[in-house]
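Fold and contact review
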Amino acid sequence: VFIVVLPQTDNPQERIAPEQLVTSAELRSAVLAHLDARRLLGVSLEVRQPQYTWISVRAVLRLAERSDPALISDVQQQAEEALYRYLNPYTGGPQGDGWPFGRPLNRSELYSLLHRIEYVEFVEDVQISINETPGRGDAQPVAAQTRSVSIPRYGLICSDRHQVKVS
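Residues numbered from 1 in each chain as written. Predicted model: local features only at pLDDT ≥ 70, side-chain atom pairs only at ≥ 80, totals over all residues. Heavy atoms only, no water.

**Notes on the overall build of the chain**
Definition in use: Helix and strand assignments come from DSSP, with helices taken as H or I runs of at least 4 residues and strands as E runs of at least 2, each series counted from the N terminus. Only protein chains enter the accessibility calculation, which uses a 1.4 Å probe. A residue is then buried if its area is under 20% of the maximum for its type, exposed if over 50%, and partly exposed in between.
Across its full length, the chain holds 3 helices and 9 strands. The helix and strand sequence of the chain, counted from the amino end, reads β-α-β-β-α-β-α-β-β-β-β-β. Counting only C-alpha atoms and orienting by the principal axes, one finds that the chain spans roughly 70 × 35 × 30 Å. Across the 167 residues of the chain, 37% fall into the buried class.

**Brief notes about the pairing of strand 3 (residues 51-62)**
Put simply, the rule reads: Any two strands with at least two DSSP bridges between them are considered paired.
Within strand 3, 9 of the 12 residues are buried, which leaves the element mostly enclosed by the surrounding structure. Where strand 3 meets strand 8 (residues 155-159), 5 bridges bridge the pair, whose relative direction is parallel. Across the sheet, Tyr52 pairs through a bridge with Leu156, a residue of strand 8. Across 9 bridges, strand 3 lies against strand 5 (residues 122-131) in antiparallel orientation. Within strand 5, the residue paired with Val57 across the bridge is Ile128. Pairing geometry for strand 3 and strand 9 (residues 163-166), over 4 bridges, is parallel. By the bridge assignment, Arg58 is partnered in strand 9 with Gln163.

**Looking at the side chain of Ser56**
Using the following cut-off: Contacts described as polar in this section are N or O atom pairs within 3.5 Å, which, within protein, must combine one atom able to donate a hydrogen with one able to accept it, while residues neighboring in sequence count only if both atoms come from side chains. Contacts are assigned to residue pairs that have any heavy atoms within 4.5 Å of one another.
Relative to the helices and strands, Ser56 is located in strand 3. Within polar-contact distance, the side chain of Ser56 engages the backbone oxygen of Arg161 at 3.1 Å. Residues in contact with Ser56, not counting those within four places in the same chain, are Gln127, Ile128, Ser129, Asp160, Arg161 and His162.

**Description of the packing of aromatic side chains**
Put simply, the rule reads: Pairing of aromatic rings covers Phe, Tyr and Trp, the last counted by its six-membered ring, and requires centre-to-centre distances within 6.5 Å; plane angles under 30 degrees mean stacked, over 60 mean edge-to-face, and any other angle means tilted.
For the coordinates displayed, the defined rule picks out 2 aromatic pairs. Ring centres of Tyr52 and Trp54 lie 6.3 Å apart, and the angle between their planes is 55°; this geometry places the pair in the tilted category. Using a relative accessible area of 17% as the deciding quantity, one classes Tyr52 as buried. Measuring from centroid to centroid gives 5.6 Å for Tyr86 and Trp99, while their planes differ by 90°, and the two rings are edge-to-face. Of this pair, Tyr86 sits in helix 2 (residues 69-86) while Trp99 sits in the loop between helix 2 and strand 4 (105-106), and the two are 13 residues apart along the sequence. The same class applies to Tyr86 as to Trp99, namely buried.

**Some points on the packing of helix 2 against helix 3 (residues 107-115)**
Condition: Between N-to-C directions, angles cover 0 to 180 degrees, with each direction set by a line fitted to C-alpha atoms, over the stretch in contact for helices. When describing relative orientation, an angle under 35 degrees is termed roughly parallel and one over 145 degrees roughly antiparallel, while 65 to 115 degrees is termed roughly perpendicular and anything else oblique. Here is the rule for handedness: rotate from the far helix to the near one, and if that takes an anticlockwise turn smaller than a right angle the crossing is left-handed, while a clockwise turn gives right-handed. Gly counts as polar in this scheme, as do all residues outside two lists: the nonpolar Ala, Val, Leu, Ile, Met, Phe, Trp, Tyr, Cys and Pro, and the charged Asp, Glu, Lys and Arg.
Taken N-terminus to C-terminus, the directions of helix 2 and helix 3 make an angle of 135°; their axes are 10 Å apart at the nearest point. Relative to helix 3, the element helix 2 lies oblique. In terms of crossing hand, the pair formed by helix 2 and helix 3 is right-handed. Facing helix 2, whose interface residues are Ala79, Ala82, Leu83 and Tyr86, helix 3 presents Glu109, Leu110, Leu113 and Leu114. Of the residues assigned to the contact of helix 2 with helix 3, the class counts are 7 nonpolar, no polar and 1 charged.

**What to know about the side chain of Ser67**
Mapping Ser67 onto the fold places it in the loop between strand 3 and helix 2. Separated by 2.6 Å, the side chain of Ser67 and the backbone oxygen of Ala64 make a polar contact.

Given below as C-alpha cells:
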C-alpha cells in the first residue's frame, strides 16, 4: 500500500516554498509507525511524497480604458493572489479545498478564474509553464493550443511564480 503524504505548512494560502513540501524522514517514520500497528498481516506500506507539478502563469488582463493606476495595481494583486490560491495543493482546485491528486489543469479554468475578478473586462492571454525546479528559469512553456496540463496519478499542482500584466 502506498501512502502519499502532504506535509502541513504554516501559511498554505500564499506561495509555498518548495522546501516546505518535502516529506521529512521524521514525518515518514511517524506515519509508518502509526499505520504499521494497524495494518493487516501481509500488507507492506510505503510512504511517499506527492509528485509536484510546479505551474507558472503569465496573464494579460484588460480593464476599461483610462482606468485609474491604483485600480490597475489592485486588480493585478487580486489576480496574482487568485492564481496562488487556486494552484495550491491545500486551498486550490475547483472546490477550494485542495488540489485533487492526479487532476489535470485545464487552461479554461484560469481564464474563468481571472475573468471573475471585478473590473476585468476580458482576459487577453494566459500562458502556462511547467517548472521542474521551482524558482529557477528553466520552465517549459505549455503550447498555446494545449487545453490541459496532465498531472501524474499521485501528483499535485503547486504555484511557482506568476506574472500578471493589467492595462
